[in-house]
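Single-letter residue listing:
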Amino acid sequence: MPGGRRRPAPFLAFSPFARSLIFSASAAAAASSASTKPLPLPDDATTPAAAAAAASGTSGEDNMPRPPSKRAKRAEPSIEEDRSSSESEEESFSNSESDGDNSGEESSQELDTVQADFAFFDPKENDFHGVRLLLKTYLDSKPWDLTGFVDLVLAQTTVGTVVKLADDEEEQEEGNGGDKTNASGNDDEDLFGLISVLNLGRYAEQRCIKDLKEYLLSVCSDKDTKKQLKSLLEEKASSVGLLVCRRFVNFPYELVPKLYDSLFDEVSWATEDEPTQELRDSFRFKHYLLLVRMLERKTPAKHKAKKSKDDDDDEPIIYPKLEDEIFKELSSWSFTFPIRSEQSSQQEMKNYKEMGLVMAVKAEAIPKFRKKLEALVSE
């Protein structure tokens, strides 16, 4: 990050949203000791134990000026109950929705509390496995150059952020002017989220981007929309940013606005601070393209004269990531398509089907997006 940049205002506290979040036990252990147990790789048969998170706030020292750093803020959620998760927020939404059903059974159990601090970092090579795990279903079940895509995300360090658990040794090292390096040496063991934006024109010749374009065009069925999509992927690609944001279900919602603030601030700084004119121009985006997931209410086979109470309460669309609803509202155009990967078996989601959602958002709409997201999380 360029000299003179200051961190966003300090994180204040968790809201009741945190009660539905899940925490990785291996990641939580890193907050209390120098654990070296890694996150599971995408092909692991088992998943780590996890727990729901609540919050306690931040220390007063965050009000003091800091050296330039990507660390946007810190939080101290507490572990309260065991869970299991290694899926991204979009993949596991139904699991988090159903957690409340077992709350009565677990209320009598004695729960351990573990404090954990989150921190924002530049992506680096050691984050490979954690980032790959987050992106493993980015193109649903399509075989594609996922490794090459992860490499692109990690290679772009001036614009992009990964979120991890920080330990005291790491915090002390950064305070002494050291590099932002995980003291345990296993940097991706506690990776909880990532955000980045890639210029589709700059990386047009990369195999992974070619695979991505082919996939997006294949799932778009509307002729007019497909024409607009093709224009962004080809003629206008040099000014189009592919916005990628993936995170695990245990990621605190209160940090989401700061995650996007970090990204868009870095995009702005890159247009001034990159060493060459070509690189500076590559971050002057006019459009952002997003590929996310949503849950859509299934259309009943036959219309029922009288709806059940559950039908009345069901929302027509559910967005696992709260910001995607805002992007949809501000998008120039969008389209949905069926997801082929395994559907959720949760009873609460029986009336929903998972869908892919592609959106095009003009760069001029981003300031409005940031305000709406901050207001939504603050409610």
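Residues numbered from 1 in each chain as written. Predicted model: local features only at pLDDT ≥ 70, side-chain atom pairs only at ≥ 80, totals over all residues. Heavy atoms only, no water.

**Focus: the overall build of the protein**
When helices and strands are tallied, the protein shows 13 helices and 11 strands. With 379 residues in all, the protein has 52% of them scored as buried. Nonlocal contacts in the protein, meaning residues at least 24 apart in sequence, comprise 83% of its contacts between residues at least 6 apart. Surface summary for the protein: the accessible area is close to 18,200 Å², and the carbon and sulfur share equals 46%. (Helix = DSSP H or I, 4+ residues; strand = E, 2+ residues; numbered from the N terminus. Buried < 20%, exposed > 50% of the residue type's maximum accessible area, 1.4 Å probe, protein only. Contact = heavy atoms within 4.5 Å. Areas by Shrake-Rupley, 256 points an atom, 1.4 Å probe, with all protein chains shown as cover.)

**Examining the environment of lysine 226**
Summarising the element assignment, lysine 226 is placed in helix H8 (residues 223-233). Considering only alpha carbons, one finds lysine 226 and phenylalanine 335, 109 residues apart in sequence, at a separation of 9.2 Å.

**Observations regarding helix H12 (residues 322-330)**
Within H12, burial applies to Leu322, Glu323, Asp324, Ile326, Phe327 and Leu330. In this fold, the buried residues of H12 make contact with strand S7 (240-247), helix H9 (256-273), strand S8 (287-297), strand S11 (352-362) and helix H13 (366-378).

**Looking at the packing of H12 against H13**
Two numbers describe how H12 lies on H13: the axes approach to 10 Å, and their chain directions differ by 145°. Handedness of the crossing formed by H12 with H13: right-handed. Residues Leu322, Glu323, Ile326, Phe327, Glu329 and Leu330 of H12 form the contact with H13, whose participating residues are Ile366, Lys368, Phe369, Lys372, Leu373, Leu376 and Val377. Taken together, the residues of the contact of H12 with H13 break down into nine nonpolar, no polar and four charged. (Axes fitted to C-alpha atoms, helices over the stretch in contact; angles between N-to-C directions. Left-handed = near helix turned anticlockwise from the far one by under 90°. Nonpolar A, V, L, I, M, F, W, Y, C, P; charged D, E, K, R; others polar.)

**Section: the pattern of salt bridges**
The final tally for this structure, using the stated rule, is 12 salt bridges. In this structure, arginine 370 and aspartate 265 form a salt bridge, with 3.0 Å as the shortest nitrogen-oxygen distance. Taken together, the residues span a long stretch of sequence, with arginine 370 in helix H13 and aspartate 265 in helix H9 at a distance of 105 residues. Judged by relative accessible area, which is 24%, arginine 370 ranks as partly exposed. Given the relative accessible area of 25%, aspartate 265 is considered partly exposed. Across the pair aspartate 281 and arginine 284 runs a salt bridge, and its minimum N-O distance is 3.0 Å. On the basis of relative accessibility, which here comes to 43%, the residue arginine 284 falls in the partly exposed class. Several salt bridges share partner residues, and in doing so they unite Asp140, Arg293 and Glu354 into one network. (Salt bridge = Lys/Arg side-chain N within 4 Å of Asp/Glu carboxyl O.)

**Here we look at the packing of aromatic side chains**
What characterises a pair of aromatic rings is the spacing of the ring centres plus the angle enclosed by the ring planes. As enumerated under the stated definition, the model contains 16 aromatic pairs in all. Taken together, a centroid distance of 5.2 Å and an interplanar angle of 70° make the contact between tyrosine 260 and phenylalanine 369 edge-to-face. Placement of tyrosine 260 in helix H9 and of phenylalanine 369 in helix H13 is noted, with a sequence separation of 109 residues between them. The two residues tyrosine 260 and phenylalanine 369 agree in class, both being buried. An aromatic cluster of at least three residues, connected via ring pairs, comprises Tyr260, Phe264, Phe283, Phe285, Tyr288, Phe327 and Phe369. The ring of phenylalanine 121 carries lysine 164 above its face, with NZ or CZ at 5.4 Å from the centroid. (Phe/Tyr/Trp six-rings, centres within 6.5 Å; stacked < 30°, edge-to-face > 60°. Lys NZ or Arg CZ within 6 Å of the ring centre and 35° of its normal.)

**Here we look at the nonpolar core**
Membership of the largest hydrophobic core comes to 47 residues, with the highest contact counts inside it found for Leu135, Tyr138, Phe149, Leu200, Leu216, Leu229 and Leu289. Among the elements that take part in this core, helix H7 (residues 207-219) stands out by supplying seven residues, more than any other. Excluding residues within four positions of it along the chain, phenylalanine 149 makes contact with Leu135, Tyr138, Trp144, Leu198, Cys208, Ile209, Leu242 and Val244. (Core = buried A, V, L, I, M, F, W, Y, C linked by side-chain atoms within 4.5 Å.)

**Topic: unusual backbone geometry**
The phi dihedral of aspartate 140 falls on the positive side, at around 60°, and the residue is not glycine. As for its position among the elements, aspartate 140 is in the loop between helix H4 (128-135) and helix H5 (146-155). For aspartate 140, a relative accessible area of 7% translates into the label buried.

**Some points on the side chain of arginine 293**
Its location among the elements puts arginine 293 in strand S8. Among the residues examined, arginine 293 registers a relative accessible area of 5% and is labelled buried. Engagement of the side chain of arginine 293 in a polar contact is seen with the backbone oxygen of threonine 137, the distance being 2.8 Å. Separated by 3.3 Å, the side chains of arginine 293 and glutamate 354 make a polar contact. (Polar contact = N/O pair within 3.5 Å; in protein donor to acceptor, adjacent residues only side chain to side chain.)

**Remarks on the side chain of glutamate 274**
Here glutamate 274 lies in the loop between H9 and helix H10 (277-282). Comment: no salt bridge for buried glutamate 274; closest opposite-charge side chain is arginine 202, at 6.1 Å. (Lys, Arg positive; Asp, Glu negative; His and termini not counted.)

**A short note on the pairing of S8**
Among the 11 residues of S8, nine are classified as buried, and the element is accordingly described as predominantly covered. In the sheet, S7 pairs with S8 via four bridges, with the strands oriented parallel. Note that in S8 the partner of glycine 241 across the bridge is tyrosine 288. (Pairing = 2+ DSSP bridges.)

**Remarks on H13**
The periodicity of an α-helix, 3.6 residues per turn, causes residues three or four places apart in sequence to face the same way. Between its first and last C-alpha, H13 extends 18 Å over 13 residues, near the 18 Å set by a 1.5 Å rise per residue. Those residues of H13 that sit buried are Ile366, Phe369, Leu373 and Val377. Looking down the long axis of H13, one finds its buried residues gathered within 55° of arc, a one-sided arrangement. Seen from the open side of H13, the exposed residues pointing more than 90 degrees away from its buried face are Lys368, Lys371 and Ser378. (Expected span 1.5 Å × (residues − 1). Arc of directions from axis to C-beta.)

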